[in-house]
Every structure is written in C-alpha cells, then in structure tokens.
Amino acid sequence: MRKSVVIAGGTTGMGRATALARIARGDDVTVIGSSDRPLPGARFLRADLSSISEIQRVAEAITEPVDALALFANRARPKRRETADGLEFTFALYYLSRYLLGHLLKPQLDAAPDPVIINVAGVGTKAGGINWEDPQMRERYSMIRAQLQAGRANDLLGVSFAAQGHRARYVLYHPGFTRSGLDGHENPVTRGLLKTLARFFARPVAESAMPIVDWIDNPPAAPLTAIDRGKPVPLTLRTLDPADAARLDAYTSGLAALPRLP
Ligand SMILES: NC(=O)c1ccc[n+]([C@@H]2O[C@H](COP(=O)([O-])OP(=O)(O)OC[C@H]3O[C@@H](n4cnc5c(N)ncnc54)[C@H](OP(=O)(O)O)[C@@H]3O)[C@@H](O)[C@H]2O)c1
C-alpha cells in the first residue's frame, strides 16, 4: 500500500537511505533538512529544525494524513551554542524537534489508518542521562554529554508518548555504529578518526535503515517498541523509567518558548 512518509533529517545518511527506499516503493515522501539537498521523487521542506518557529512552519505545511514519521535529525556540536529560543542546540535539534514534530503532527498521524513514529537515536545505551539541575547545560557543556543527554531524552520521549495513548505507535531504534553522519563533525581530527573506524567497524547505511523501511510497512502492534541493533530492549530498563519520562515531559511542556500543541 502506498504510504505517506515524513522524514526529518532525510537529506543524508540513514534518513536519506530510508527516503530512497520508500520512494522506490512508490510512497509519497516528504524530506526535511537544513541544507539544500532535495531528493528526486520527494517533496523537500527546507528548515532548521533547531528552531521552534521553523518546526511549526514545516508542521503546518504537512496537511495530509501521515502514515509514518521518521526522526533522524541530529548534529554534534563541540562547543555549546544557544538557539534563538534560548535553548542549548543539541537539546533543541536532537530532542525537542522530535518532541514537537510528534505532537504537532498528531492530527495528521491520527488521520492515517495505521500510523507509526520511528525515532532513530541510541535506545539501549545506559550512558548519560538528563542533567535535571541544568538541562540546557549552561555549566560543564561537552559534546558527548549533550549527545548522551538528548539520546536519553529521546528514550524517555518514547515512553511518555506511548503512555499518553496516541494512535501512532512509537518505535525507538538504535542502529549501531553506521557508515553515516561522519561529515557532520566540525572537528577534522574527530571526523578523520571516525571515518577510519567506520571503514572497518561500521554497518552499511542501507543495512541500518532496513528495519525502519519495514516498520513503515508493518508498524509494531505495541504502543512502544525499543530495538537496539536488532534486539528488543526490555521496557523495564532504567533509561526508560516512566517517572523520569513524566518529569521530562513536564519540563518540556513547560518551556516558555513552546507553542500550543494540538
Ligand atoms: N551513524 C551512526 O553510527 C549512528 C549510531 C547510533 C545512532 N545514530 C543516530 O541516527 C540518527 C541519524 O544519523 P545519521 O548517521 O544518518 O546522520 P546524518 O547523515 O548526519 O544525518 C543527519 C540528518 O540531520 C539533518 N540535520 C542536521 N542539522 C539539522 C538542522 N539544523 N535542521 C534540520 N535538519 C538537520 C541533516 O540534514 P542537513 O544537513 O540537510 O541539515 C541530515 O539529514 C541520528 O540521530 C544519530 O544520532 C547514528
């Protein structure tokens, strides 16, 4: 069946591979990215997803029912940056854009027969956590801590979204080390090192994207599914704690810059 698929962060890497596979199946694919890299056969919405107003703009441009929302957007920042909304960049792009797209597109997802959201991050990883005292990392910023915090925030986003009883099923997916995302690192030394490691140890992009392509055809039945490199993650893992998920949801929905959600 022809699906309507929205891919946030679909211009490169696993998002692009997912987009190409779904275009080849005849789907209506919408790709969102900040660079000018439209994909033949897809609608392209250029937007900076670290900006709340830009997220609102793309959500408003998507008016049709959405069968699948696949979330890939991320970029590592060695130095702390603040967005125009006064938020730490990694928190805004890697976590908040996914929170907002899931909630703002709720009517479009609810209008589809069998909707699914697939959040590609690092579920199953126990390192890192929410820095509750300082979620915007004004003190002691590091790229790794910011990435780990946003990764764990996405884990908790899946838990709270599923607990809220939306029609869309939620899939948290950790693809494992993949030959993608390597050009996104600003530091040339880090970039070179990662590329060398990737040549020997990383999975091909299409292989990591394959389960995502399949979930779009066959959304899991459970409200929340977590898969780490092909293996189910028990939902009892401490990084998926429902109390932490509710706490993060309360913090996020209380952010002053947030728009009204449907
Ligand atoms: N690669 C791995 O080994 C690995 C392992 C585990 C988890 N993951 C996770 O998997 C996801 C996808 O990774 P990938 O390797 O496919 O990365 P990637 O190739 O770097 O793709 C990232 C996507 O995010 C988009 N993006 C970046 N900044 C943006 C912005 N400000 N606004 C809108 N879009 C933006 C990029 O598009 P533009 O450049 O057009 O903005 C690109 O399409 C990430 O969340 C990553 O953390 C990756």
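Coordinates for the structure precede this section.
Residues numbered from 1 in each chain as written. Predicted model: local features only at pLDDT ≥ 70, side-chain atom pairs only at ≥ 80, totals over all residues. Heavy atoms only, no water.

## Regarding the overall build of the protein
Link 1 in the chain: Counting its secondary structure elements, the protein contains eight helices and eight strands.
Link 2 in the chain: Radius of gyration (C-alpha) of the protein: 17 Å, near the 18 Å computed for a compact globule of 262 residues.
Link 3 in the chain: By principal-axis analysis of the C-alpha atoms, the protein measures approximately 50 × 40 × 35 Å.
Link 4 in the chain: A total of 262 residues make up the protein; the buried ones form 53% of that total.
Link 5 in the chain: Contacts in the protein between residues at least 24 apart in sequence constitute 72% of all its contacts with a sequence separation of at least 6.
Link 6 in the chain: Accessible surface for the protein amounts to roughly 11,700 Å². Of this, 54% is attributable to carbon and sulfur atoms. (Helix = DSSP H or I, 4+ residues; strand = E, 2+ residues; numbered from the N terminus. Rg over C-alpha atoms; globule rule 2.2 N^0.38 Å. Buried < 20%, exposed > 50% of the residue type's maximum accessible area, 1.4 Å probe, protein only. Contact = heavy atoms within 4.5 Å. Areas by Shrake-Rupley, 256 points an atom, 1.4 Å probe, with all protein chains shown as cover.)

## A look at unusual backbone geometry
Link 1 in the chain: Of note, Met137 is a non-glycine position whose phi angle comes to about 50°, a positive value.
Link 2 in the chain: Summarising the element assignment, Met137 is placed in the loop between strand E5 (116-120) and helix H5 (143-163).
Link 3 in the chain: Here Arg229, not a glycine, exhibits a phi torsion of approximately 50°, which is positive.
Link 4 in the chain: With respect to the helices and strands, Arg229 occurs in the loop between strand E7 (224-228) and strand E8 (231-232).

## A short note on the side chain of Arg98
Link 1 in the chain: Among the structural elements, Arg98 can be located in helix H3 (residues 89-104).
Link 2 in the chain: It is Asp155 that comes nearest to the buried, bridge-free Arg98 among opposite-charge side chains, at 8.6 Å.
Link 3 in the chain: There is a polar contact of 3.3 Å between the side chain of Arg98 and the backbone oxygen of Leu71.
Link 4 in the chain: When near neighbours in sequence (up to four residues on either side) are disregarded, Arg98 contacts Leu71, Phe72, Ala73, Asn74, Asn119, Val120, Ala121, Asn154 and Leu157. (Lys, Arg positive; Asp, Glu negative; His and termini not counted. Salt bridge = Lys/Arg side-chain N within 4 Å of Asp/Glu carboxyl O. Polar contact = N/O pair within 3.5 Å; in protein donor to acceptor, adjacent residues only side chain to side chain.)

## Examining the site of the ligand
Link 1 in the chain: Within the structure, the ligand sits among 29 residues, and Thr11, Ser34, Ser35, Thr178 and Ser180 are positioned closest to it.
Link 2 in the chain: Within the backbone of Ala47, a nitrogen or oxygen atom sits 3.4 Å from a nitrogen atom of the ligand.
Link 3 in the chain: The contact in question runs from an oxygen atom of the ligand to an N or O atom on the backbone of Thr178, over 2.8 Å.
Link 4 in the chain: In the complex, the protein chains occlude 90% of the 890 Å² of accessible area that the ligand would expose alone.
Link 5 in the chain: Those elements giving two or more residues to the shell around the ligand turn out to be helix H1 (13-24) and H3.
Link 6 in the chain: With three residues, the single largest contributor to the shell around the ligand is H3.
Link 7 in the chain: Residues belonging to the shell around the ligand are distributed by class as follows: 11 nonpolar, 14 polar and four charged. (Near = heavy atom within 4 Å. Nonpolar A, V, L, I, M, F, W, Y, C, P; charged D, E, K, R; others polar.)

## As for the packing of H1 against helix H7 (residues 205-217)
Link 1 in the chain: Two numbers describe how H1 lies on H7: the axes approach to 9 Å, and their chain directions differ by 50°. Between H1 and H7, the angle falls in the class oblique. The crossing of H1 and H7 is right-handed. In contact with Gly13, Met14, Ala17, Thr18, Ala21 and Arg22 of H1, H7 contributes Val205, Ser208, Ala209, Ile212, Val213, Ile216 and Asp217.
Link 2 in the chain: A class-by-class count of the residues in the contact of H1 with H7 yields eight nonpolar, three polar and two charged. (Axes fitted to C-alpha atoms, helices over the stretch in contact; angles between N-to-C directions. Parallel < 35°, antiparallel > 145°, perpendicular 65-115°, else oblique. Left-handed = near helix turned anticlockwise from the far one by under 90°.)

## Quick look at the pairing of strand E4 (residues 68-71)
Link 1 in the chain: Along E4, one buried face is formed by Ala68 and Ala70 and the opposite face, lined by Leu69 and Leu71, is buried too.
Link 2 in the chain: Sheet topology places strand E1 (residues 4-8) next to E4; four bridges connect them, and they run parallel. Along E4, the bridge assignment pairs Val6 with Leu69.
Link 3 in the chain: Two elements, E4 and E5, share four bridges in a ladder whose sense is parallel. Across the sheet, Ala70 pairs through a bridge with Ile118, a residue of E5. (Pairing = 2+ DSSP bridges.)

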